[in-house]
Amino acid sequence: MQLIACRAGCGACCIAPSISSPIPGMPHGKPAGMRCVQLSTDNRCMLFGNPERPAVCASLQPTVEMCGATNEEAFIILTILERMTSPE
């Protein structure tokens, strides 16, 4: 996998996937497709670098395979990955 720089203002990884661990302001995590309450209006993580940030979020690394070439591609790819890995 080829790591890339996170695109400013994307936010796809904070919207498309579900997060089962608690997030400050979302004690039960968040369902897929729901905007994280910790995502700012300019689509930046307000917990970035803080210990309160869920481990799953901190472990995400932007790659071409996950993020595509545009913010829209990232959202589509992550939505497909979420559906493929969903237990339902």
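Residues numbered from 1 in each chain as written. Predicted model: local features only at pLDDT ≥ 70, side-chain atom pairs only at ≥ 80, totals over all residues. Heavy atoms only, no water.

**A few points about the layout of surface pockets**
And step 1. Approximately 610 Å³ is the volume found for the largest pocket.
And step 2. In this structure, the largest pocket is lined by 29 residues; those nearest its centre are Cys6, Cys13, Cys45, Phe48 and Arg53.
And step 3. At the level of secondary structure, the elements contributing two or more residues to the lining of the largest pocket comprise helix H1 (55-59), helix H2 (64-67) and helix H3 (71-85).
And step 4. Here the residues of the lining of the largest pocket are counted per class, giving 21 nonpolar, five polar and three charged.
And step 5. Of the volumes computed, that of the second largest pocket is approximately 260 Å³.
And step 6. Around the second largest pocket, the lining comprises 16 residues; the ones closest to its centre are Pro17, Ser18, Ile19, Val56 and Glu82.
And step 7. Within the residue set of the lining of the second largest pocket, elements represented by two or more residues are H1 and H3.
And step 8. The leading source of residues in the lining of the second largest pocket is H3, at four residues.
And step 9. Looking at side-chain class alone, the lining of the second largest pocket contains 10 nonpolar, five polar and one charged residues. (1 Å grid on protein atoms, 1.4 Å probe; cavity = no way out; pocket = protein on both sides within 12 Å on 5 of 7 lines; lining within 4 Å. Points joined across faces, edges and corners; volume = space filled by probe spheres on them. Helix = DSSP H or I, 4+ residues; strand = E, 2+ residues; numbered from the N terminus. Nonpolar A, V, L, I, M, F, W, Y, C, P; charged D, E, K, R; others polar.)

**Description of the pattern of salt bridges**
And step 1. Counted according to the given criterion, the structure contains one salt bridge.
And step 2. A salt bridge links Arg44 to Asp42; the shortest N-O distance between them is 3.6 Å.
And step 3. Look at Asp42 and you get partly exposed, because its relative accessible area is 43%. (Salt bridge = Lys/Arg side-chain N within 4 Å of Asp/Glu carboxyl O. Buried < 20%, exposed > 50% of the residue type's maximum accessible area, 1.4 Å probe, protein only.)

**Focus on the nonpolar core**
And step 1. Of all hydrophobic cores here, the largest spans nine residues; its members are Cys14, Ile15, Ile19, Ile23, Met26, Cys36, Leu39, Leu47 and Cys57.
And step 2. If sequence neighbours within four positions are ignored, Ile19 has contacts with His28, Gly29, Lys30, Val56 and Cys57.
And step 3. By size, the runner-up hydrophobic cluster in this structure holds seven residues, among which are Cys10, Ala12, Ala16 and Ala74. (Core = buried A, V, L, I, M, F, W, Y, C linked by side-chain atoms within 4.5 Å. Contact = heavy atoms within 4.5 Å.)

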